[in-house]
Structure formats: C-alpha cells, structure tokens
Amino acid sequence: MASSNTYRLSCSVPGHEMDVRGLAATWFPEGAFVSVSRDRTARVWLPDSSSNGFTEMHCMNGHTNFVSCVCIVAPSETYPRGLIATGGNDNNVCVFSLDRPDPLYVLKGHKNTVCSLSAGKFGTLLSGSWDTTAKVWLGDKCMMTLQGHSAAVWAVVILPEQGLMLTGSADKTIKLWKAGKCEQTFTGHEDCVRGLAVVSDVEFFSCSNDASIRRWMVSGECVQVYYSHTNYIYSLAVFPNGQDFVSTGEDRTLRIWKKGDCVQTIRLPAQSVWCCCVLPNGDIVAGASDGIIRVFTESEERVASAQDLQAFEDELSKATIDPKTGDLGDIKMEDLPGREHLNEPGNRDGQTRLIKEGGHVEAYQWSMSESRWIKIGDVVGGSSQQPSKKIMYEGKEYDFVFTIDVNEGGPSMKLPYNVTDDPWLTAHNFLQKNDLSPMFLDQVANFIIENTKGHTLGSAPSVGSDPFTGMSKALFPLWSGRYIPGTGSTVSAPAGVADPFTGKLKELNGGAPHVHQLTEEALNSLEKLLLSISDLKTKGQPTVEQISLLWKTCHWPEDIVFPVLDILRLAVRHPEVNRQMCSDTEGVSLCNLLLCLMGPEGRPANQMLALRTMCNLFAAAQGQELLLKQREAVLSRASDLRSVCNKNIHVALATLVLNYAGHLHGQPSELEAKAQCLSVASTALEVVQDKEAVFRLLVALGTMVSGDDSAKGLARSLGISSQITKYCSVSDPAKVGDCCRLVLGELQ
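Residues numbered from 1 in each chain as written. Predicted model: local features only at pLDDT ≥ 70, side-chain atom pairs only at ≥ 80, totals over all residues. Heavy atoms only, no water.

Before going further, it helps to spend a moment on the overall build of the protein. Across its full length, the protein carries 18 helices and 36 strands. Each of the 748 residues in the protein was classed as buried or not, and the buried ones make up 58%. Looking at the protein as shown, the accessible area adds up to about 30,900 Å², and 49% of this sits on carbon and sulfur atoms. (Helix = DSSP H or I, 4+ residues; strand = E, 2+ residues; numbered from the N terminus. Buried < 20%, exposed > 50% of the residue type's maximum accessible area, 1.4 Å probe, protein only. Areas by Shrake-Rupley, 256 points an atom, 1.4 Å probe, with all protein chains shown as cover.)

As a further point, take the environment of proline 240. The residue proline 240 is located in the loop between β22 (233-238) and β23 (245-249) in this model. If we ignore the near neighbours within four places in the chain, the residues touching proline 240 are Val278, Leu279 and Pro280. (Contact = heavy atoms within 4.5 Å.)

Ranked by size, the top nonpolar core spans 107 residues in total, and within it Met614, Leu701 and Ile724 carry the most contacts. Counting residues per element, this core draws most heavily on helix α13 (residues 647-664), at 11 residues. If we skip the residues at most four places from it in the chain, methionine 614 touches Cys591, Leu594, Leu595, Met598, Leu627, Val634 and Leu656. Residues Phe239, Val246, Ile266 and Val273 belong to the second largest nonpolar core, which totals 19 residues. (Core = buried A, V, L, I, M, F, W, Y, C linked by side-chain atoms within 4.5 Å.)

What follows concerns helix α10 (residues 604-617). Between its terminal C-alpha atoms α10 stretches 20 Å, which fits the 20 Å expected from 14 residues at 1.5 Å a residue. Most of α10 is tucked away, with 12 of its 14 residues classed as buried. Inspection of α10 places Asn606, Gln607, Met608, Leu609, Ala610, Leu611, Arg612, Thr613, Met614, Cys615, Asn616 and Leu617 among the buried residues, and these make up the whole buried set. Among the structural elements, α7 (562-571), α8 (575-582), α9 (584-597), α11 (621-629), α12 (631-640) and α13 are those in contact with the buried residues of α10. (Expected span 1.5 Å × (residues − 1).)

Among the 6 residues in strand β10 (residues 114-119), 5 count as buried, and that is most of the element. Alignment of β10 against strand β11 (residues 124-129), held across 5 bridges, turns out to be antiparallel. When the sheet's bridge partners are listed, serine 116 is paired in β11 with glycine 128. Here β10 hands over to β11 after 4 residues, with phenylalanine 122 in that stretch at a positive phi of 60 degrees. (Pairing = 2+ DSSP bridges.)

As structure tokens, then:
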C-alpha cells in the first residue's frame with residue numbers, strides 16, 4: 001500500500017486529439033477543470049463520482065489554430081460562474097462562458113501566438129505573447145501594453161497585491177510591472193523563463209529551460225534555487241498550503257516538491273509534460289504531448305483500480321526514450337550492468353537506473369512508496385548504437401535539411417530539422433528567420449510532418465534550441481456633482497501684467513546670440529500681444545504677425561527661453577491664439593516643441609512652463625482636440641517628470657492629468673485613454689508629496705471612475721484603493737482627506 005502522502009494515478013482522461021497545452025481549475029462547477037489543446041478546442045471536465053474519473057461537460061471552439069494556454073476569470077455579478085479565457089497560435093484571446101460553445105468575445109491585438117494568460121481581481125486579464133509584449137485587458141478592451149522584453153513573453157501572472165504583474169521571457173529575465181511601468185527586472189535564469197506561479201503577496205516561483213526552479217521575493221532577491229529536472233521545465237502549480245508545489249517538463253516527469261525538496265517523481269509515457277494544475281482537493285492534473293490528461297491523488301479513495309494502475313505502468317514501460325533529450329546522459333551499452341543491478345534498492349524517489357537487457361537498454365525508476373524499480377521505457381539512440389547519418393548545416397548536425405521554394409523563380413531556402421524538434425516551432429523559426437508571412441505556418445509544419453513520418457520520436461525541442469526564445473488658482477472639473485472645488489472644466493492661468501514679463505525678456509534679449517536677438521519693434525509687438533491676452537474681455541485681438549513672432553521666439557536657446565514660455569502659457573488661453581497655434585501642422589509642431597522642453601534632461605523651469613502651457617491649451621476647442629489626439633505621447637512624457645523633485649512641476653503634472661480626466665468624464669468608450677490617465681495618476685502618487693498636487697490627482701481619479709463601472713474595475717485592479725487610503729487621515733488641508741474618502745466610496 002502506498003503511504004498517504006504519495007501520489008498515484010487516479011484516472012486518465014482521453015478526449016483531446018493532440019497535445020494538451022494548458023490546464024486550469026474552474027470556479028464552477030466545483031472540482032472541475034478546463035483543458036486546451038493543439039486540436040483547437042477547450043474542454044471542461046466534471047468529476048464523476050461513480051467512476052472516480054472525469055466526464056466532458058462542455059466543449060468550446062473559437063480559435064483558428066492551436067490553443068496554447070487557459071485561465072479562469074473569477075465570478076462577477078454579470079457572470080456568476082466565471083469565464084474561461086484561452087490564448088492561441090492565431091494571436092487571439094477567446095473568452096467563453098459555460099453556457100455556449102462559441103466565444104462571448106475575442107480579444108485581438110497581439111501580433112503573434114498568445115502563450116500565457118492570467119486573471120486578476122475585478123475582471124482584469126493579462127496575456128503574454130511571442131510578439132515580446134504582454135497586454136492588460138478589461139472586458140473586451142486592451143487597457144495597456146507592457147513593452148520591455150526583447151524576446152517572447154512565455155509566462156505572465158497577476159500578483160495578489162493589486163496592480164502588480166509579472167512577465168517571464170525568452171530573454172531569460174522576469175519583469176515586475178505596476179500601473180504599466182516596469183518596476184524591477186529579475187535576472188538569474190540562464191535560459192528562457194517558461195512558467196511563473198504565485199506563492200504570496202511578496203513571493204513567487206519561476207521555472208526555466210535551464211532546468212531550474214527559483215523562488216523570488218518581489219523586492220528582487222532570489223531566495224532559493226531548486227534542481228531535480230533534467231530538461232526544460234514548462235509549468236508550475238502551487239498547492240493550497242501556498243508553499244509546496246508541482247512542476248512538469250520535457251524530461252517526461254511531473255515532480256512534487258514539499259518543504260523545498262523533490263519528494264516524488266512521476267514519469268509519464270509522453271515526451272513533453274506541458275502543463276499542470278492543482279485541484280481544490282489537492283489532486284494534481286497533468287497534460288502531455290500524447291493528448292492524454294492524467295489525474296494523480298494522495299487519497300486512497302480516489303486511487304485508480306489495480307487494473308488501471310497496471311495498465312499505466314505497462315504503457316510507461318513500452319515508451320522509448322531518446323537520450324538526446326538530455327534526460328539520461330551519454331549511454332555506452334558495454335559499460336551498463338545487467339538485470340541484477342535492480343536487486344539493489346534505490347536511495348531516493350525517482351532515481352533512474354539503466355540496465356543492459358538482451359542487446360538493448362532499459363530504463364527503470366525507483367518508487368519509494370512501493371519499494372521497487374518500475375520500468376519507464378526502452379532507451380533508443382545510445383552512443384553505442386549505429387550512428388545515424390547526420391547532415392551538417394551552418395555548423396550543426398541535422399537529421400534533415402529541406403529545400404523550400406516559396407516563390408517560383410526566387411531563391412531557395414534551407415530548413416534544417418531534427419526528429420526530436422517540434423515541427424511547429426521549427427516552422428515558426430524558419431518563417432521568422434526568412435521574414436515570411438506567418439500564414440505559411442501550417443503549410444510548412446505539415447510539410448515537415450509529412451516528410452519525416454516514421455522518424456519523429458517526440459515533440460520535444462532539442463536542448464539549447466528553444467525558439468522564443470499646471471498655477472496659482474485651479475478651476476477643477478465637475479465630479480459627480482458632489483465635490484467641486486471650482487466652477488470650470490479646465491485649469492486656467494492667472495491674468496498677467498506686462499512689465500515683469502517684458503522687463504525680463506528685454507534683459508535676456510540683450511545677451512542672446514545675435515541670430516536670436518529681437519529688434520525694438522519686435523519687443524514692442526510682444527508687449528502689445530501680452531496686453532491683449534492679459535484681459536480676455538478686451539476687444540483687442542492678437543494679430544497673425546504677433547502670434548508668428550511669439551512662435552519664432554519660442555525657439556530661443558533653452559537657457560533663456562523661459563520668459564517666452566511664460567508669455568506662451570498665457571497666450572494659449574486666448575481663443576484666437578489657441579486656434580492659430582493648435583490647428584493642423586502648427587498644432588503638431590507646438591506639441592513637439594513642448595514635449596522636447598519636457599524632456600528628462602530639460603531645465604526644471606522650462607519643464608514646468610511647458611506643462612502649464614499644455615494645461616492652458618484645454619481653454620479652447622482647438623487645444624483640446626490637439627491634446628486629445630496627442631494624449632499618449634503627452635501623458636507618457638509628463639509622467640516621466642514625476643521623478644523631478646520640484647513641487648511646482650508636480651502640481652502642473654497633476655493639473656494636466658486632471659484636465660484630461662475632465663474631458664474623458666462621461667465617455668465610457670474612452671477606456672484606453674482613462675487607463676493611461678489612471679496609470680499616470682497612480683505612478684505619480686507614489687512620489688508626489690505636495691498636498692495640492694495630491695489633491696488634484698485624487699480629484700482626477702474620482703472624475704475618471706465616477707459613473708463608469710469599467711474604469712472603476714480597472715482602478716481596483718491597479719490597486720488604487722490601497723494606494724490612496726493613507727490620505728484619508730490628512731486634515732491639513734482637510735480637502736485632501738475629504739476627497740480621498742469620496743474616491744474610496746466610488747471604488748467600493
């Protein structure tokens with residue numbers, strides 16, 4: 001009898017026609033799980049108490065190519081049974097409910113295979129792709145794209161602390177993201193990062209093609225490295241206790257880890273054990289390249305019958321093992337012992353022993369629970385056997401080197417292939433290397449399969465060749481009709497007087513380079529412009545010549561341009577100046593000038609005045625239109641200024657975000673724009689200390705989420721509630737605490 005803490009087969013679940021690439025335990029029904037496969041389907045499996053197995057409850061179709069990953073979106077009021085999200089080689093994410101076979105909606109945006117998915121609170125979905133990016137989705141909208149990896153993003157996970165996300169990549173790094181910004185890069189793995197799993201709010205696991213598993217602190221330290229696998233590790237799943245875990249990989253095994261040690265190794269009769277998940281009752285589900293799902297249990301009540309256990313062992317013993325996968329090392333038959341070697345007990349679970357038996361090599365694994373050696377297959381391709389005829393190409397040996405003609409009359413292309421390579425990944429590599437359309441993927445892969453029939457030993461990629469690899473007074477926008485610190489919808493600058501500006505302007509003009517110096521006539525013209533714009537009620541209108549002269553003077557050297565910018569930020573409040581400077585190409589040029597002045601190496605005075613100018617552009621329709629069109633670039637550059645230790649810049653930044661929020665209020669279709677504003681506000685609140693800037697950012701947050709359930713959901717997923725709670729106790733000024741409580745009320 002096996003001890004109570006040993007996992008044994010509970011059942012095998014056939015149904016898929018090709019590799020099972022992803023698994024996830026469902027919220028509903030209880031005890032069920034969902035699987036996805038290269039056969040382009042996703043299936044929900046329901047526990048069957050009468051047979052101790054699982055029956056297919058629901059089959060979902062929507063992808064036009066392989067399905068490679070799956071996750072469960074938690075139940076909501078709209079979908080009380082949760083949703084199922086799947087990603088595939090068609091570059092799409094399909095989202096299903098349990099009551100229909102076709103997708104509720106399809107998320108499009110990735111440019112290559114979607115290979116990893118993770119769901120967070122409030123319906124947030126994170127996807128990773130071979131296109132080197134990860135995307136954050138809310139409902140059917142893409143909220144933001146996480147860019148920073150230089151190779152495929154193989155693994156993604158959303159941490160319990162709201163707003164924190166992790167991505168693992170073929171560039172061998174893991175990145176920690178908050179509100180769309182990379183906060184930390186973890187290095188240590190020596191090959192592609194293939195899987196991530198959450199341990200707690202502050203810890204997580206990663207696994208890699210380097211055959212190691214690492215335990216990390218979110219702060220950046222790697223606290224432990226685990227070794228036991230002998231080949232690529234594809235997936236990880238954590239047990240309900242939050243400490244022990246299970247891993248699967250290319251060495252045909254599922255390994256169980258407790259208290260930091262690998263306590264059990266379960267071999268499967270399939271080369272690639274692609275995925276695993278842990279059910280609420282502690283049972284382990286594994287999916288493999290043979291298309292079979294297998295469930296393993298500690299519970300005596302759920303262990304398979306003796307007949308099924310023997311059938312599993314027999315199937316395992318008939319497997320063929322290719323030593324080139326790196327599992328067994330170099331094999332020389334003449335050095336191997338005979339069957340008598342099996343009389344000696346093993347010293348650890350999963351230990352492998354090879355023996356020579358009748359002219360061939362057999363592999364056995366020690367089972368601690370059963371105290372016996374179990375045959376796990378026959379070894380083929382050892383170094384003592386007849387060497388195969390290899391073909392040398394670009395310095396490497398291959399079983400095949402095909403000649404591919406894509407265009408008639410065009411140059412031929414070479415496609416090298418080993419029988420242990422995955423034909424689909426080989427085809428993907430070939431298309432990328434030769435800059436060919438991914439539309440050819442099926443055609444090339446099927447060509448490989450058809451021309452290597454009888455030779456393919458498994459779907460394992462060969463070792464080392466993994467392919468993917470604003471202001472003195474602010475007038476705030478309306479927010480819910482409850483907290484209105486002012487009465488307008490934009491921030492306006494104070495009315496200025498001419499002398500202080502023109503006095504400084506004349507002083508700097510005298511020392512300016514000759515090419516930039518203004519004549520006395522030009523200085524007088526700017527003074528008249530300033531007088532006409534200082535009182536918006538005056539009947540005098542700025543002339544085309546005056547506006548043109550102002551624009552020209554804005555190009556003074558950065559060390560003397562600040563008094564001109566002070567005039568500019570007042571001038572753009574005037575409807576005529578706003579219209580002329582913000583229309584068409586003039587508007588783009590103005591925006592580019594201000595963005596340049598806001599650069600990280602810019603002078604703080606110029607950065608502040610450029611920000612204030614942008615705030616005042618909202619005073620008229622043309623300026624609003626310009627800034628809404630240029631939103632992504634403007635907010636991105638403005639957000640970078642949060643790190644400048646200058647409270648005037650922080651107030652100006654907060655006001656700019658606030659003005660955007662005011663114009664996005666009441667527009668639920670502008671969710672992507674709101675997502676960027678929420679992200680900028682959230683990241684700014686991490687460093688801003690000035691209470692006026694904090695207040696304006698809080699009002700901006702409240703304005704964006706008020707009356708918009710999707711924006712509220714996104715704000716919750718970014719962890720904004722926990723981020724701003726500390727401001728509830730602020731009593732000086734009281735408006736900060738009052739406003740914070742109102743925002744939190746909106747987010748409940």
